[in-house]
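Descriptive structure summary
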Amino acid sequence: MSVTKAVVPVAGLGTRFLPATKATPKEMLPVVDKPAIQYVVEEAVAAGLDDVLFVTGRSKRPLEDHFDRNVELEAALRAKSDHTRLAKVAAATDLARIHYVRQGDPLGLGHAVLMSAQHVGNEPFAVLLGDDLIDPRDPVLAEMIALRERHGGSVLCLMEVPREHIHLYGCAAVTEADDHVVVTDLIEKPAEEDAPSNLAIIGRYVLDPAVFDILRETPPGRGGEIQLTDALVRLAQLPADQGGGVRGVVFTGRRYDTGDRLSYLQAVIRLALDRDDLGPPLREWLVDYLDSGNDT
Ligand code: G1P
């Protein structure tokens, strides 16, 4: 069965970006001129997933409004014959079939994914975390879906990180296969000395629906939260005919953590430099700015 649905948990509080995120969802912070979350939805659509379920929480209304029509704005732009901006405004609405489910109590990422069970049904599905922005020039999701189609089971996106950063991520123990790795164990946010590798889970997953039954029985783990990583450990141990098996793609492209201020700034600069309109003048200014001792 092919993968057609994307689940995007967006119920997090965004405390790393306060005060900007006091009244604005972190997913709505602009990366150049689009909210970070639009890149994530565009990535899902580019991989062929046009059914997107947001698992939301309180104070995420601006996100829902962004993917809905804004009739007054569209009318005003139409009256001015501003077709370029009209197309930009309509783009977010026309991208995908968007659905919402509220998480209620924020009990962890595993709990957020479990909220999607009814919508997803008995099909494999993708999970994309809103904080992780994969550079659109380095797509990885289609490769993950292809791996699922070849082998069944679930597929993670892994990335080598400096060992001193591994405590920020789920960490995978793996064995090498031909063009991918087989995940043998996972630890959520281990101390550096306990980490079995420097392979971090990046926020892209292709999951077998067997994960739902496991999540229903997964007790709170690290931080008192129901961890998706803990359910994945169980999936890795499950036989293939019960939806088990976890593989990984090792991603080497550009990825930003838009919940981290430095990584966010890097995302804005790198993606702006890639734009035809902004790239050349920004590059020129950046070079002058750095050459002049930051005085221009
Ligand atoms: C979550 C997962 C973690 C993963 C990370 C990727 O953690 O629990 O395994 O490595 O996303 O961004 P969070 O960053 O939500 O705390």
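Small disclaimer: the values here were computed from a predicted structure and weren't measured.

Below, the discussion takes up the site of the ligand. Near the ligand the following residues occur: L109, L129, D132, Y169, G170, E188, K189, I201, G203, Y205, Q227 and T229. Taking I201, its main chain carries an N or O atom lying 2.6 Å from an oxygen atom of the ligand. Tallying contributions element by element places strand β11 (residues 199–207) first for the shell around the ligand, with three residues. Of the residues belonging to the shell around the ligand, the class tally is five nonpolar, four polar and three charged.

Turning our attention to helix α11 (residues 279–291). With 13 residues, α11 extends 18 Å between its outermost C-alpha atoms, agreeing within 8% with the 18 Å of an ideal straight helix rising 1.5 Å per residue. Where α11 terminates, the next one or two residues include G293, which has phi positive at roughly 70 degrees.

Another point: the nonpolar core. One recurring pattern in soluble globular proteins: nonpolar side chains tend to sit buried together. With 39 residues, the main nonpolar core has I37, F54 and F67 as its most contacted residues. When contributions to this core are tallied by element, the ones reaching two or more residues are β1 (5–9), α1 (36–46), β4 (51–56), β6 (125–128), α7 (141–151), β8 (154–160) and β11. Beyond its immediate sequence surroundings of up to four residues, I37 is in contact with V8, V10, E27, M28, F54, L63, F67 and G130.

A few words on the packing of aromatic side chains. Per the counting criterion, the structure on display carries five aromatic pairs. Judged by centre distance (5.1 Å) and plane angle (80 degrees), the rings of F17 and Y264 are edge-to-face. With F17 in the loop between β1 and β2 (30–31) and Y264 in helix α10 (residues 261–273), this pair connects stretches of sequence that are 247 residues apart. Between the aromatic rings of F54 and Y100, the centroid separation amounts to 5.6 Å while the plane-to-plane angle is 20 degrees, which identifies the pairing as stacked. Of the two residues, F54 sits in strand β4 while Y100 sits in strand β5 (residues 97–102), which places them 46 residues apart along the sequence. Through a chain of ring-to-ring contacts, three or more aromatic side chains come together here, namely F54, F67 and Y100. Stacked on the ring of Y39, the Lys or Arg K34 has its end atom at 4.5 Å from the ring centre.

It is worth spelling out the packing of helix α3 (residues 71–79) against helix α4 (residues 83–94) at this point. Contact geometry for α3 and α4: axes closest at 8 Å, N-to-C directions at 160 degrees. Between α3 and α4, the angle is such that the two are roughly antiparallel. With respect to the hand of their crossing, α3 and α4 are arranged in left-handed fashion. For the pair α3 and α4, the contacting residues are L73, E74, L77 and R78 in the first and R85, L86 and V89 in the second. Here the residues of the contact of α3 with α4 are counted per class, giving four nonpolar, no polar and three charged.

Turning next to the environment of S81. Note on placement: S81 falls in the loop between α3 and α4. Judged by relative accessible area, S81 falls into the partly exposed class, the value being 47%. Along the primary structure S81 and D94 are separated by 13 residues, whereas in three dimensions their C-alpha atoms are 20 Å apart.

Here we come to a negative patch on the surface. Taken together, the side chains of E164, E192, E193 and D194 define an acidic patch exposed on the protein surface. If you trace the backbone, E164 turns up in the loop between β8 and β9 (170–176).

Moving on, we get to the pattern of salt bridges. All told, the structure shown has 23 salt bridges when counted by the stated rule. For R78, the salt bridge identified is with E74, shortest N-O distance 3.9 Å. One end of the pair, R78, and the other, E74, are both in helix α3, four residues apart, so they sit about a helical turn from each other. Classification of R78 as partly exposed rests on a relative accessible area of 46%. For E74, a relative accessible area of 5% puts it in the buried group.

Conventions and cut-offs
Residues numbered from 1 in each chain as written. Predicted model: local features only at pLDDT ≥ 70, side-chain atom pairs only at ≥ 80, totals over all residues. Heavy atoms only, no water. Near = heavy atom within 4 Å. Polar contact = N/O pair within 3.5 Å; in protein donor to acceptor, adjacent residues only side chain to side chain. Helix = DSSP H or I, 4+ residues; strand = E, 2+ residues; numbered from the N terminus. Nonpolar A, V, L, I, M, F, W, Y, C, P; charged D, E, K, R; others polar. Expected span 1.5 Å × (residues − 1). Core = buried A, V, L, I, M, F, W, Y, C linked by side-chain atoms within 4.5 Å. Buried < 20%, exposed > 50% of the residue type's maximum accessible area, 1.4 Å probe, protein only. Contact = heavy atoms within 4.5 Å. Phe/Tyr/Trp six-rings, centres within 6.5 Å; stacked < 30°, edge-to-face > 60°. Lys NZ or Arg CZ within 6 Å of the ring centre and 35° of its normal. Axes fitted to C-alpha atoms, helices over the stretch in contact; angles between N-to-C directions. Parallel < 35°, antiparallel > 145°, perpendicular 65-115°, else oblique. Left-handed = near helix turned anticlockwise from the far one by under 90°. Patch = residues over 30% accessible without salt bridge, like charges linked within 9 Å, V, L, I, M, F, W, Y side chains within 5 Å. Areas by Shrake-Rupley, 256 points an atom, 1.4 Å probe, with all protein chains shown as cover. Salt bridge = Lys/Arg side-chain N within 4 Å of Asp/Glu carboxyl O. Lys, Arg positive; Asp, Glu negative; His and termini not counted. Charge placed at Lys NZ, Arg CZ, Asp CG, Glu CD.

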